[in-house]
Amino acid sequence: MGEKIGVYVCHCGSNIAGVVDVAGVAKWAEENLPNVRVARDYKFMCSSLGQEMIEKDIKDLGLTRVVVAACSPHLHEATFRNACKRAGLNPYLFEMVSIREQVSWVTKDKAIATEKAKALIAGGVKRVVYHQPLEPLFVDINPNVLVVGGGIAGIQAALEIADQGSHVYLVEREPSIGGHMAQFDKTFPTLDCAACILTPKMFTAGNHPNITLLTWSEVEKVDGFIGNFTVQIRQKARKVTAEKCTGCGVCEEKCPKKVIDTVFEAGMGTRKAIYTPFPQAVPKYPVIDVENCIYYQRGTCKACEKFCPTGAIDFDQKDEMMTVQVGNVILATGYELFDARRIPQYGYGRLANVVTNLEFERLSNTAGPTNGKIVLRDGVTAPQTVGIIHCVGSRDIKYNVDCSAICCMQSLKFAHLVKEKTGAKVYNFYIDIRTPGKTYDEFYRRILDEGVHFVRGKVAEVTDAPRFPGEEGKLIIQVEDTLAGRQLRVPVDMVVLSAAMQPRVDSKQVGQKFGISCSANGWFIERHPKLDPVATMTEGIFIAGVCQGPKDIPATVSQGAAAAARVLGLIGRKQVTLEPVRASINADQCSGCRICNNLCPFNAITFIEDRAVSDINPALCQGCGTCVSACPAGAITGSHFTNQQIMAQIEGVLLNFGNGHEPAEKLEQVPA
Amino acid sequence: MTIPTITNPSFNETFYASLQTPPTGERVRTCLQCGMCSGVCPFGYVMDFPPGRMIAALRSEIFDRVMKSDTVWMCVACYACTEVCPSGIPLTEKLMARAKEELILSGAVPAELQLALENSQRYGNVLGQSPRKRADWTKGIQATVPVFGKEKKSAEVLWYVGDYASYHPRVQTTSRAFAQVLNALGVDFAILGSDESGDGDSQRLAGERGLFEVLAAKNAQAFRKYKFGEIITTDPHAFNAIKNVYPTLGISFPVRHYTQFLAERLEQLKPLLKQPVNGKITFHDPCYLGRANNIYDEPRALLQAIPGAELVEMSHSGKTSLCCGGGGGGMWLEGFQWEKAHTRTSEWRVREAIASGATTLAVACPYEPPRFEDAVKTVREASGMEVRDVIELLVESMEQ
Ligand SMILES: Cc1cc2nc3c(=O)[nH]c(=O)nc-3n(C[C@H](O)[C@H](O)[C@H](O)COP(=O)(O)OP(=O)(O)OC[C@H]3O[C@@H](n4cnc5c(N)ncnc54)[C@H](O)[C@@H]3O)c2cc1C
Ligand code: SF4
Ligand code: SF4
Ligand code: SF4
Ligand code: SF4
């Protein structure tokens with residue numbers, strides 16, 4: 001074949017070299033593998049010196065192919081492709097072999113690891129010979145952006161992008177934007193009122209010329225790829241004509257039907273059948289909740305219509321579908337609260353004065369159902385003793401294994417609010433106090449100083465069954481004080497459960513809609529947990545806020561802004577390059593059976609009727625290979641994954657078997 | 001050449017290692033020291049080393065101190081700690097049972113427990129009765145109770161009766177009631193009679209694993225002599241052993257608790273339930289039916305089928321049920337535990353039953369009627385409270 005291949009084996013510090021004999025492997029490759037002109041090992045191939053080494057060899061030795069054996073292609077394929085490109089070699093004439101993730105990190109035995117590294121490198125060397133030079137594809141980027149979820153993350157992202165002049169469609173499922181933050185009273189650590197800092201942002205988002213606000217709406221379908229997504233959005237019927245409604249609120253006042261508000265008021269207060277969730281809602285137009293509206297149940301009422309001064313009520317309004325074109329998407333769908341009923345030991349749902357954190361926020365909120373008075377369920381009695389339980393449904397393998405990240409700070413905030421507003425005795429029960437972050441530990445010290453009682457122990461149960469004198473009529477918190485090494489029973493009047501933040505129940509479906517995946521527990525998976533936290537594995541789809549994992553408002557806002565910056569960067573480039581790894585159909589071989597047509601998950605295959613063959617649109621194809629393997633005529637080729645390339649790689653991997661090289665008995669011991 | 005060092009693993013090390021067997025034992029390494037186990041333990045407050053602190057002792061290599069304390073015997077193997085542990089550590093089955101096992105090996109066993117274990121060893125039943133008299137409870141009763149043997153070699157159902165249900169006078173009443181119901185439903189069943197031995201589960205959780213295995217092998221031998229579709233028992237401890245632990249010894253037979261068996265036949269049973277049973281009934285979830293085996297609905301479904309019955313719940317119910325105090329050897333540590341605690345969980349339980357407004361405390365485990373009836377006698381406010389096995393309530397409702 002006459003190819004000249006350079007093979008580079010990386011130590012990755014001791015990550016690889018600690019287990020694999022890298023120098024030995026390089027030497028072996030140079031001596032034993034066909035077409036290898038040079039093989040070297042180096043401490044860090046991804047360093048500039050490592051890359052220069054490759055570039056120099058390409059130029060000096062006239063290398064025509066390059067193989068790097070290092071970490072995963074995920075991490076550094078682009079790095080080495082660029083090195084090849086700089087030296088004048090088509091970047092697709094390069095092959096990356098993973099000997100860190102697939103060898104040194106998963107194999108302890110040095111001899112086996114070294115043999116496995118050799119086998120994988122042999123596969124790479126055999127394969128790269130058949131690589132063909134490919135040219136990247138370019139696509140234009142539509143500057144419009146879709147933001148899904150109007151919590152603080154989505155609002156922040158939308159504002160950043162809109163301010164830069166691109167158009168944003170902000171889709172929110174509830175009647176108003178604001179998300180969880182709109183429900184809160186004060187926010188830690190500064191204890192400024194949530195509404196005071198959130199409402200201006202909501203207002204700006206609602207009135208921004210570059211933002212189309214679509215509340216009471218959901219994304220139904222997404223097609224396309226980075227730069228060119230087509231999105232179908234369902235705008236649920238509000239039964240109120242936005243153009244006519246002035247937001248006067250007369251309808252709400254006159255509506256005779258009261259409903260317990262389980263969303264915004266977390267069940268602590270009521271709303272009407274026609275409602276805006278809260279006074280500062282954006283937009284200001286109400287919606288009719290048809291499930292509870294008397295007219296939709298019994299056919300009469302229409303009080304709202306009668307009193308509406310502008311005739312804005314429209315009982316016949318239907319859901320509307322709209323289609324928008326965008327180049328990028330930011331998902332900011334947030335979280336929901338752990339259902340505390342799942343821990344029967346805490347009595348939530350059975351014991352009246354056990355409340356959740358969200359319920360407490362509403363209790364404590366001056367705009368809430370009690371005007372900010374912290375009282376028991378009877379609506380009048382102020383508690384004299386309050387127990388706040390941390391980690392409810394978090395840090396537990398039965399529910400959510402992760403720490404909720406905010407629940408310590410939120411519990412400290414509650415302790416302060418209870419003390420300030422009621423003077424009650426407050427106990428905080430915690431496993432570990434986690435207050436990382438600027439001024440957070442200062443806040444903890446402040447609460448300690450305020451005289452809150454801290455007990456280190458995960459509460460075992462909250463019960464109304466008295467055992468000792470003084471417990472009658474109280475809620476008794478039973479807990480092991482792990483520092484003092486004794487069991488405590490603390491009688492209190494009110495218990496606040498700091499329920500965990502957990503992924504939305506529909507996060508998997510939403511992820512699927514946008515072609516991104518969720519971790520086992522349901523948070524959206526970022527492209528890289530450290531280096532790329534707001535991008536996803538799907539180009540053009542970004543994530544921000546708690547939908548990516550538990551975090552507080554400052555971190556949420558940072559991610560909203562970061563996702564916006566990433567999107568603006570792409571918009572600024574106007575074009576993106578796409579991997580030219582695509583499938584193509586050889587029309588002469590295609591029998592026109594159409595089997596591939598419906599298999600393509602990206603709808604990239606069309607049937608050309610007059611020529612009776614199928615054809616692939618390279619801009620839509622993502623190179624997944626489904627059609628390639630399905631075509632009974634073998635008419636479809638996936639570039640960069642041709643049969644020849646794959647067979648050669650397999651041959652290479654198996655090269656060493658059965659010719660006396662391998663410690664055979666050892667290899668057999670490797671468990672399947 | 002390197003000189004080999006002879007390592008002498010400490011007791012602490014070997015004990016810790018012995019807990020870490022898959023599939024869940026190794027989770028002990030992930031204990032958060034949150035103390036939820038210790039807090040939820042009914043006797044945590046009298047233990048020098050409740051489960052979490054025991055793990056702390058292992059970690060700081062002072063487990064010998066745990067062995068010097070006798071408060072491990074306060075553990076009644078109720079699974080409350082296992083139920084709540086956020087790290088999913090098998091505390092009841094592994095940690096507590098292993099600690100008791102070590103105490104038994106070192107001879108530090110309270111005398112009353114020692115006697116019970118010896119009885120099991122010698123007579124195959126913990127009450128120290130003659131094995132030949134195991135089926136005597138069937139004598140002179142109306143219901144027919146066939147015994148497997150020469151004449152009867154196969155039946156649909158093998159009713160595993162168990163020690164208390166065979167010998168304890170109070171619990172025999174429950175057995176007779178079950179026989180009556182089986183007759184009324186026309187079930188083809190038989191018991192093993194003197195071929196049966198104790199199930200051994202409480203002995204296992206009291207640290208006598210060896211004895212458990214001997215009893216299991218004896219029962220296996222008896223089971224294998226006959227043909228039957230499934231095993232039914234009124235004893236949740238036997239149910240737990242046969243369902244979850246016997247299979248690990250290669251003894252696999254389908255088994256169900258009688259509440260499951262009857263709940264399945266509810267439609268057949270309902271027309272027979274004619275007499276109203278008045279007053280409010282509360283159900284005490286036995287640890288080995290509830291927490292250990294997740295059966296909560298079936299006994300309640302049976303109670304609700306009784307005309308006139310109004311079911312109310314106690315503060316601790318379902319997963320949070322409060323142990324009667326009889327598990328894991330507690331049955332045979334009455335005196336020892338009284339010394340330490342000067343109170344009994346069965347008394348707390350009876351107080352909860354009163355607070356629920358119930359006049360009948362329904363149970364579904366042979367340990368419970370005697371324990372709760374004793375408690376009713378000692379708790380002053382409780383006089384008049386009836387303690388009935390679910391099956392007894394069904395029979396009351398069936399009677400003309
Ligand atoms: C009780 C409590 C108190 C807290 N207090 C504080 C505090 O004091 N300080 C602090 O820094 N942090 C606090 N936090 C954390 C704070 O709530 C979060 O960091 C922040 O609200 C996350 O914002 P978000 O936009 O990511 O999510 P969310 O606020 O959940 O917003 C997501 C939005 O997306 C919408 N949505 C969801 N799915 C869809 C869909 N498929 N289509 C369209 N729209 C959708 C939702 O309706 C919602 O409006 C607290 C948390 C809790 C539970
Ligand atoms: S028609 Fe429905 S929304 Fe309007 S006032 Fe009557 S109940 Fe309320
Ligand atoms: S490889 Fe085939 S199936 Fe996959 S995206 Fe391309 S055309 Fe569609
Ligand atoms: S099983 Fe029950 S008694 Fe034993 S340690 Fe656990 S909670 Fe305590
Ligand atoms: S409940 Fe589990 S994690 Fe917590 S201290 Fe006990 S054993 Fe450890």
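1. Things to note about unusual backbone geometry
Inference 1: Cis peptide bonds are those with omega within 30 degrees of zero, and the linkage from F188 of chain A to P189 of chain A qualifies with -10°.
Inference 2: Within the element layout of this structure, P189 of chain A appears in the loop between β8 (186-187) and β9 (192-193).
Inference 3: Cis geometry is found at the peptide bond from V282 of chain A to P283 of chain A, where omega equals 0°.
Inference 4: Within the fold, P283 of chain A resides in the loop between β15 (274-275) and β16 (287-288).
Inference 5: Despite not being glycine, N371 of chain A has its phi angle at roughly 55°, a positive value.
Inference 6: Mapped onto the elements of the fold, N371 of chain A is located in the loop between α11 (357-364) and β21 (385-392).
Inference 7: A relative accessible area of 55% places N371 of chain A in the exposed class.
Inference 8: Look at N294 of chain B: it is not a glycine, yet its phi comes out positive at around 60°.
Inference 9: Mapped onto the elements, N294 of chain B comes out in the loop between β5 (280-283) and α15 (297-304).

2. As for the site of ligand 5
Inference 1: Around ligand 5, 13 residues are found, and the nearest of them are C31, C34, G35, C37 and C85 of chain B.
Inference 2: Along the lines of polarity and charge, the residues of the shell around ligand 5 split into nine nonpolar, four polar and no charged.

3. Quick look at the domain arrangement of chain B
All names here are of chain B.
Inference 1: When the domains of chain B are assigned, the result is domain 1 (9-105), domain 2 (112-132 + 139-164 + 189-264) and domain 3 (266-398).
Inference 2: Between domain 1 and domain 3, the C-alpha centre-to-centre distance is 29 Å.
Inference 3: With 16 residues of domain 1 at the interface, the matching set in domain 3 holds 18 residues.
Inference 4: In total, domain 1 and domain 3 occlude about 1500 Å² of area from one another, counting both sides; carbon and sulfur atoms represent 67% of this.
Inference 5: The tally of links between domain 1 and domain 3 comes to one salt bridge.
Inference 6: In this structure, the connection of domain 1 to domain 3 is made through five residue pairs in polar contact (both at pLDDT 80 or more).

4. Notes on the interface of chain A and chain B
Inference 1: Listed per partner, the contact involves 26 residues of chain A and 27 residues of chain B.
Inference 2: Summing both sides of the interface, chain A and chain B together bury roughly 2100 Å²; the carbon and sulfur share of this comes to 54%.
Inference 3: If you sort the residues of chain A by the area they bury against chain B, R467, E480 and Q487 of chain A come out on top, with a joint share of 26%.
Inference 4: Residue E480 of chain A is joined to R53 of chain B by a salt bridge in which the shortest nitrogen-to-oxygen separation is 2.8 Å.
Inference 5: At the junction of chain A with chain B, the criterion picks out 15 residue pairs in polar contact (both at pLDDT 80 or more).
Inference 6: Ranked by residues supplied to the side of chain A that touches chain B, first place goes to strand β25 (residues 475-481) of chain A with three residues.

5. Considerations on the environment of H416 of chain A
All names here are of chain A.
Inference 1: Topologically, H416 is positioned in helix α12 (residues 407-422).
Inference 2: Taking C-alpha positions, H416 is 25 Å from V263, a pair spaced 153 residues apart along the chain.
Inference 3: Once you skip the residues sitting within four places of it in the chain, H416 turns out to touch L191, R446, I447 and E450.

6. A closer look at the site of ligand 3
Inference 1: By nearness alone, 14 residues border ligand 3, and C600, C621, C624, G625 and C627 of chain A come closest of all.
Inference 2: Of the residues that constitute the shell around ligand 3, the class distribution is ten nonpolar, four polar and no charged.

7. Focus: the state of the cysteines
Residue and element names in this part refer to chain A.
Inference 1: Following the criterion strictly, the structure yields one disulfide over all chains and no others.
Inference 2: What pairs with C193 in a disulfide is C196, and their sulfur atoms sit 2.0 Å apart. Classification of the bridge connecting C193 and C196 rests on its S-S torsion, roughly 95°, and on that basis the disulfide is right-handed.
Inference 3: A relative accessible area of 22% places C193 in the partly exposed class.
Inference 4: Since its relative accessible area comes to 52%, C196 is described here as exposed.
Inference 5: C391 takes part in no disulfide bond, and the closest cysteine sulfur, belonging to C407, lies 4.7 Å away.
Inference 6: Note on C391: relative accessible area 4%, which makes it buried.

8. Here we look at the pairing of β21 of chain A
All names here are of chain A.
Inference 1: Burial within β21 is extensive, with eight of its eight residues counted as buried.
Inference 2: Note: β21 against strand β22 (residues 425-430), five bridges, orientation parallel. Of the residues in β22, the one forming a bridge with V386 is V426.
Inference 3: Of the crossover connections in this fold, the one passing from β21 over α12 to the parallel β22 is right-handed.
Inference 4: Sheet topology places β21 next to strand β27 (residues 494-499); five bridges connect them, and they run parallel. Across the sheet, I389 pairs through a bridge with L497, a residue of β27.

9. With respect to the packing of helix α6 (residues 152-163) of chain A against helix α7 (residues 194-207) of chain A
Residue and element names in this part refer to chain A.
Inference 1: Where α6 meets α7, the axes come as close as 10 Å, and the angle between the chain directions of the two elements is 50°. Comparing the axis directions of α6 and α7 gives the class oblique. Every pair of crossing elements has a handedness; the one defined by α6 and α7 is left-handed. Contacts from I152, I155, Q156 and L159 in α6 reach L198, K201, M202, T204 and A205 in α7.
Inference 2: Of the residues belonging to the contact of α6 with α7, the class tally is six nonpolar, two polar and one charged.

10. Considering the packing of helix α1 (residues 11-19) of chain B against helix α3 (residues 51-59) of chain B
Residue and element names in this part refer to chain B.
Inference 1: Across the interface, α1 lies against α3 with an axial gap of 9 Å and an inter-helix angle of 125°. Between α1 and α3, the crossing angle belongs to the class labelled oblique. The hand of the α1/α3 crossing is left-handed. When α1 is examined against α3, the residues N12, F15, Y16 and L19 are found in contact with a partner set consisting of A57, L58 and R59.
Inference 2: Residues of the contact of α1 with α3, tallied by class, amount to five nonpolar, one polar and one charged.

11. Considering the domain arrangement of chain A
All names here are of chain A.
Inference 1: Looking at chain A, the domain boundaries give domain 1 (5-136 + 651-667), domain 2 (137-232 + 325-335 + 503-575), domain 3 (237-318), domain 4 (337-501) and domain 5 (583-638).
Inference 2: The distance between the C-alpha centroids of domain 2 and domain 4 comes to 32 Å.
Inference 3: Here domain 2 is connected to domain 4 by one salt bridge.
Inference 4: A salt bridge links K421 to D185, with the shortest nitrogen-to-oxygen separation between them at 3.7 Å.
Inference 5: Inspection of the region where domain 2 meets domain 4 yields seven residue pairs in polar contact (both at pLDDT 80 or more).
Inference 6: Considering only residue class, the side of domain 2 that touches domain 4 consists of eleven nonpolar, four polar and four charged.

12. Structural notes on the packing of aromatic side chains
Inference 1: What the rule picks out here adds up to 26 aromatic pairs over all chains.
Inference 2: Arranged with centres 5.3 Å apart and planes meeting at 85°, the rings of Y79 of chain B and Y288 of chain B form a pair that is edge-to-face. Placement of the pair is Y79 of chain B in the loop between α4 (63-68) and α5 (80-84) and Y288 of chain B in the loop between β5 and α15, with a sequence separation of 209 residues.
Inference 3: Its relative accessible area of 8% is what places Y79 of chain B among the buried residues.
Inference 4: Exposure remark for Y288 of chain B: the relative accessible area of 2% places this residue in the buried category.
Inference 5: With 5.8 Å between their ring centres and 55° between their planes, F212 of chain B and Y246 of chain B make a pair best called tilted. In this pair, F212 of chain B sits in helix α11 (residues 209-225) while Y246 of chain B sits in the loop between α12 (236-245) and β4 (255-257), placing the two residues 34 residues apart along the sequence. For the residue pair F212 of chain B and Y246 of chain B, the accessibility class agrees, reading buried in each case.
Inference 6: Counting every residue linked through ring pairs, the aromatic cluster contains W137, W159, F178, F189 and Y258 of chain B.
Inference 7: Above the ring of F641 of chain A, the side-chain terminus of R127 of chain A is found at 5.1 Å from the ring centroid.

Rules used throughout
- Residues numbered from 1 in each chain as written.
- Chains lettered and ligands numbered in written order.
- Predicted model: local features only at pLDDT ≥ 70, side-chain atom pairs only at ≥ 80, totals over all residues.
- Heavy atoms only, no water.
- Helix = DSSP H or I, 4+ residues; strand = E, 2+ residues; numbered from the N terminus.
- Buried < 20%, exposed > 50% of the residue type's maximum accessible area, 1.4 Å probe, protein only.
- Near = heavy atom within 4 Å.
- Nonpolar A, V, L, I, M, F, W, Y, C, P; charged D, E, K, R; others polar.
- Domains from an automatic or database assignment.
- Contact = heavy atoms within 4.5 Å.
- Buried area = accessible area lost by both parts, 1.4 Å probe.
- Salt bridge = Lys/Arg side-chain N within 4 Å of Asp/Glu carboxyl O.
- Polar contact = N/O pair within 3.5 Å; in protein donor to acceptor, adjacent residues only side chain to side chain.
- Disulfide = S-S within 2.5 Å.
- Pairing = 2+ DSSP bridges.
- Right-handed = clockwise from strand over helix to strand, strands pointing away.
- Axes fitted to C-alpha atoms, helices over the stretch in contact; angles between N-to-C directions.
- Parallel < 35°, antiparallel > 145°, perpendicular 65-115°, else oblique.
- Left-handed = near helix turned anticlockwise from the far one by under 90°.
- Phe/Tyr/Trp six-rings, centres within 6.5 Å; stacked < 30°, edge-to-face > 60°.
- Lys NZ or Arg CZ within 6 Å of the ring centre and 35° of its normal.

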